[in-house]
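Descriptive analysis of the structure
Residue-level listing of the chains:
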Amino acid sequence: MRLTTRELTVFAMLGAVMYASKIILEFAPNIHLLGVFTISYTVVYRKKALYPIYIYVFLNGLFSGFSAWWVPYLYIWTVLWGIVMLLPRRMPRLIQPAVYMAVCAVHGFLFGTLYAPVQAVMFGLSLKGMIAWIAAGLPWDFLHGVSNFFCGILIVPIITVLRLAERYAQKS
C-alpha cells in the first residue's frame, strides 16, 4: 500500500480530524464521532483507511499517555474497520444509512466487551473478574451504542463529501 504525498497529507489530516473531534466531545462521556469516521474512511479508502485510524490512535496516546487504557486502542478500531470491510461494496443506497448506523451502534454496545480481554490480562483479572468488569460498564456501553447510532446519521454525508473530494483531486 504505497502512499502518494497527497494521500499522506490527506490521511494525516483525517487522523487529526478524528483526534480533534474526540477532544471537542470529551465533555460528553462515550459520545463521539470516532466510529462515524472509522466507517466513513473505510468505505471510501478501504485498506488505506488504516492510516488515518492509526494516526488517530497514535495522537491519542501521544497527547493522553501511552498507558494501560490505550493498549486496546491498538485493535479496537481495527475490529470496526474489519467489519466494514466485510460489508458489500455495492450496497443499495436506500439501506446504506441504516446498515452503517447499525454497525456503528453495535461497535459502541460491544466496546467494553472488546476492551475487556486486554484489561483482564494486564490487570490479572479472572474470567469472573473480566465478566464483572464488562457488567459494570454496561450502562456506559448502552450510552455508547445509542449515541453511535444517532451520530451514525453523519456517515453517508461524510462518505459523499470524501468521494467528491477524491474525484476533484483526481481531476486536478
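This report concerns the structure included in the present document. Everything quoted here is computed from the prediction, not taken from an experiment. (Residues numbered from 1 in each chain as written. Predicted model: local features only at pLDDT ≥ 70, side-chain atom pairs only at ≥ 80, totals over all residues. Heavy atoms only, no water.)

Re the overall build of the protein chain
Stated precisely, the cut-off is as follows: Runs of H or I in DSSP of at least four residues are treated as helices and runs of E of at least two as strands, each being numbered from the N terminus. Whether two residues touch is decided by their heavy atoms; if any such pair falls within 4.5 Å, the residues are in contact. Accessible surface is estimated by sampling points in the Shrake-Rupley manner with a 1.4 Å probe; for residues, cover comes only from the protein chains shown. In this tally Asp and Glu are treated as negative and Lys and Arg as positive; neither His nor the chain ends contributes. The location of each charge is read from NZ of Lys, CZ of Arg, CG of Asp or CD of Glu.
Looking only at helices and strands, the protein chain has nine helices and zero strands in total. Helices and strands appear in the protein chain in the N-to-C order α-α-α-α-α-α-α-α-α. In terms of overall dimensions, the protein chain has a C-alpha envelope of 55 × 35 × 30 Å along the principal axes. The contacts of the protein chain with a sequence gap of at least 6 include a subset with a gap of at least 24, amounting to 75%. Accessible surface for the protein chain amounts to roughly 9600 Å². Of this, 74% is attributable to carbon and sulfur atoms. Taken as two groups, the 13 positive and 4 negative side-chain charges of the protein chain have centres that lie 12 Å from each other.

Digging into helix H3 (residues 50-64)
To be explicit about the condition: For a helix, the expected span equals 1.5 Å multiplied by the residue count minus one. Type-normalised accessible area, obtained with a 1.4 Å probe on protein chains alone, sets the label of each residue: buried when under 20%, exposed when over 50%, and partly exposed for intermediate values.
The end-to-end C-alpha separation of H3 is 21 Å, in line with the 21 Å expected for 15 residues at 1.5 Å each. Every buried residue of H3 is listed here: Pro-52, Ile-53, Tyr-56, Val-57, Leu-59, Asn-60 and Gly-61. Buried positions along H3 lie against helix H1 (5-24), helix H2 (34-45) and helix H4 (73-86). Following H3 by one or two positions, Gly-65 adopts a phi angle in the positive range, close to 105°.

With respect to the packing of helix H5 (residues 96-109) against helix H8 (residues 138-151)
As a reminder, the rule being used: Note on method: axes are straight lines fitted to C-alpha atoms, helices fitted across the in-contact stretch only, with angles between N-to-C directions ranging 0 to 180 degrees. Should an angle fall under 35 degrees it is taken as roughly parallel, and over 145 as roughly antiparallel, whereas 65 to 115 is taken as roughly perpendicular and any remaining angle as oblique. The handedness criterion is simple: a crossing whose near helix is rotated anticlockwise from the far helix by less than a right angle is left-handed, and one whose near helix is rotated clockwise is right-handed.
Here H5 crosses H8 at 165°, and the two axes come no closer than 7 Å. One finds that H5 runs roughly antiparallel with respect to H8. The hand of the H5/H8 crossing is right-handed. Here Met-101, Ala-102, Cys-104, Ala-105, His-107, Gly-108 and Phe-109 of H5 come into contact with H8, specifically with Asp-141, Phe-142, His-144, Gly-145, Val-146, Asn-148 and Phe-149.

Notes on a positive patch on the surface
Spelled out, the test is: Patches draw on residues past 30% relative accessible area with no salt bridge. Two like charges within 9 Å are joined, as are two nonpolar side chains (Val, Leu, Ile, Met, Phe, Trp, Tyr) within 5 Å. Take a side-chain nitrogen of Lys or Arg and a carboxyl oxygen of Asp or Glu: if they are within 4 Å of each other, that pair is a salt bridge.
On the surface, Arg-89, Arg-90, Arg-93, Arg-163, Arg-167 and Lys-171 cluster together into a positively charged patch. You can see Arg-90 is positioned in the loop between H4 and H5. Given the relative accessible area of 80%, Arg-90 is considered exposed.

Observations regarding the packing of H3 against H4
Convention followed: As a working rule, the residues Ala, Val, Leu, Ile, Met, Phe, Trp, Tyr, Cys and Pro are called nonpolar, Asp, Glu, Lys and Arg charged, and the rest polar, with Gly in that last group.
Across the interface, H3 lies against H4 with an axial gap of 10 Å and an inter-helix angle of 155°. Compared by their axis directions, H3 and H4 come out roughly antiparallel. Classified by chirality, the crossing of H4 by H3 is right-handed. Residues Leu-50, Ile-53, Tyr-54, Tyr-56, Val-57 and Asn-60 of H3 pack against Tyr-73, Leu-74, Tyr-75, Trp-77, Thr-78 and Trp-81 of H4. Looking at side-chain class alone, the contact of H3 with H4 contains ten nonpolar, two polar and no charged residues.

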